[in-house]
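Summary of structural features
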Amino acid sequence: MTARRRWQIAWGLRGAALAALLVYLPGWHASRSGGLVVVEHWLNRPVLLIGSAVVLTVVSLVTGLEFRTRFSQIGYAALLAPLVFAGVPILALSFLFSGHGGREDRFVSPNRPDRVLTVTNVAFSIDPVYQVELEAGSGWSARHWSMGTWNTRGGDFVRIDWTGPDEITVTGREKRTVFDVLPDGSLSAPRVLPAQEIVEDRP
């Protein structure tokens, strides 16, 4: 392979690495509260996209080197083999399991079908940890608004309900946290109220 050809391949790989990072940036931005649901779903894949960028950059650096002796060629193969054997399964698994990965429950507003509560178990242990969001809107314009992450071990999260046309209540053993849904679908600051009664644990 000529030096010019190696140079072309190396810079092509670096361009692909840059493209992977540029694709990830909108997904990262959309993952914040108020971001677009569809963009986050498709592009917020850090392991897949950032991992691809790192692998492509490393391969481009190695490709730019000149390997004339048999010893250098063997070393080149030994360097690439772990990247291929480790990188391909990681990228495949990240594509399949990217996102929250846990059980997700969805609760549609009784008055507005375009407003949906999502409760996702993001815990890696027996005790559930729920990430709660409100999805407002439909199609490409739908946005998600974070209501926080709730650890059930302390009893702060027992259940969540639509308690009014524009009101959501997170009930715990000792307090209730109430969110108002504003006309644009976003959420007000939470109001913390005393619990009315002890409720049963979330199934």
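Residues numbered from 1 in each chain as written. Predicted model: local features only at pLDDT ≥ 70, side-chain atom pairs only at ≥ 80, totals over all residues. Heavy atoms only, no water.

**Some remarks on the overall build of the protein**
Under the convention used in this document: A run of H or I in DSSP counts as a helix once it spans at least four residues, and a run of E counts as a strand once it spans at least two, with each numbered from the N terminus. In what follows, residue pairs with any heavy atoms lying within 4.5 Å of each other are defined as contacts. Only the protein chains shown count as cover for residues, and all accessible areas are computed by the Shrake-Rupley method using a 1.4 Å probe.
A tally of helices and strands in the protein yields 4 helices and 8 strands. Listed N to C, the secondary structure of the protein is α-α-α-α-β-β-β-β-β-β-β-β in terms of helices and strands. Looking at the protein alone, contacts between residues at least 24 apart form 40% of all its contacts between residues at least 6 apart. Accessible area for the protein stands at about 12,600 Å²; split by element, carbon and sulfur atoms hold 64% of it.

**With respect to the pairing of strand β1 (residues 104–108)**
Counted only if it meets this: Each pair of strands is called paired provided DSSP finds at least two bridges between the two strands.
When β1 meets strand β2 (residues 115–121), the two strands line up antiparallel, connected through 5 bridges. Counted as the bridge partner of V108 is V116 from β2.

**Section: the pattern of salt bridges**
Formally: For this document, the term salt bridge refers to a Lys or Arg side-chain nitrogen within 4 Å of an Asp or Glu carboxyl oxygen. For the exposure calls, accessible area comes from a 1.4 Å probe over protein chains only, and a residue counts as buried if that area is under 20% of its type's maximum, exposed if over 50%, partly exposed in between.
By the definition in use, this model includes 7 salt bridges. Taking the shortest distance from any N to any O, the salt bridge between R106 and E135 comes out at 3.4 Å. Of this pair, R106 sits in strand β1 while E135 is found in strand β3 (residues 129–136), placing the two residues 29 residues apart along the sequence. Given a relative accessible area of 44%, R106 falls into the partly exposed group. The residue R153 makes a salt bridge to D127 at a minimum N-O spacing of 2.7 Å. With R153 in the loop between β4 (143–151) and β5 (159–164) and D127 in the loop between β2 and β3, the pair connects residues that are 26 residues apart, well separated along the chain.

**Details of the packing of aromatic side chains**
Centre-to-centre distance and the angle between the planes together describe a pair of aromatic rings. Note the following rule: Aromatic pairs are defined between Phe, Tyr and Trp rings, using the six-membered ring for Trp, whenever the two ring centres lie within 6.5 Å; interplanar angles under 30 degrees are classed as stacked, those over 60 as edge-to-face, and all others as tilted. Criterion for a charge above a ring: Arg CZ or Lys NZ at most 6 Å from the ring centre, at most 35 degrees from the ring normal.
Counted under the stated rule, the structure contains 3 aromatic pairs. The interplanar angle of 40 degrees and the centroid separation of 5.0 Å between the aromatic rings of Y130 and F157 together place this pair among those described as tilted. Residue Y130 is located in strand β3, and its partner F157 is located in the loop between β4 and β5; the two are separated by 27 residues in the primary sequence. As far as burial versus exposure is concerned, Y130 and F157 are alike and both buried. A ring pair is formed by W150 and F157, whose centres lie 6.3 Å apart and whose planes are at 50 degrees; its orientation type is tilted. Residue W150 is classed as buried on the basis of its relative accessible area of 12%. Owing to a relative accessible area of 3%, F157 belongs among the buried residues under this scheme. Joined through ring pairs, the aromatic side chains of Y130, W150 and F157 make up one cluster. Between the NZ or CZ atom of R14 and the centre of the ring of W11, over which it lies, the distance is 4.6 Å.

**Side note on a nonpolar patch on the surface**
Test applied: Like charges are joined within 9 Å and nonpolar side chains (Val, Leu, Ile, Met, Phe, Trp, Tyr) within 5 Å, but only among residues with over 30% relative accessible area and no salt bridge; these make up the patches.
A cluster of nonpolar side chains, contributed by L18, L22, L25 and W28, occupies part of the molecular surface with about 410 Å² of accessible area. Residue position: L18 is located in helix α1 (residues 3–30). A relative accessible area of 49% places L18 in the partly exposed class.

**With respect to the sheet that holds strand β6 (residues 167–171)**
To keep things clear, this is the line we draw: Fitted lines through C-alpha atoms serve as axes, helices being fitted only where they are in contact, and the angles separating the N-to-C directions of these axes extend from 0 to 180 degrees.
Taken in spatial order, the 4 strands make up an open sheet running β5-β6-β7-β8, and their pairing is antiparallel. Looking along the sheet, the strands with just one partner apiece sit at the ends: β5 and β8 (191–194). Along the sheet, successive strands turn relative to each other by an average axial angle of 30 degrees, direction set aside. Pairing of strand β7 (residues 175–180) with β8 involves 4 bridges; the strand directions are antiparallel. Note that in β8 the partner of K175 across the bridge is P194.

**Focus on the confidence of the model for the protein**
Detailed reading of the predicted coordinates is not advisable wherever pLDDT falls low. Condition: Per-residue confidence from the predictor is given as pLDDT, running between 0 and 100.
On average, the protein scores 82 in pLDDT, and the residues at 70 or more come to 76%. Under a pLDDT of 50 for its full length, residues 198–203 has, in the predicted model, 16 contacts with residues more than four places off or in other chains.

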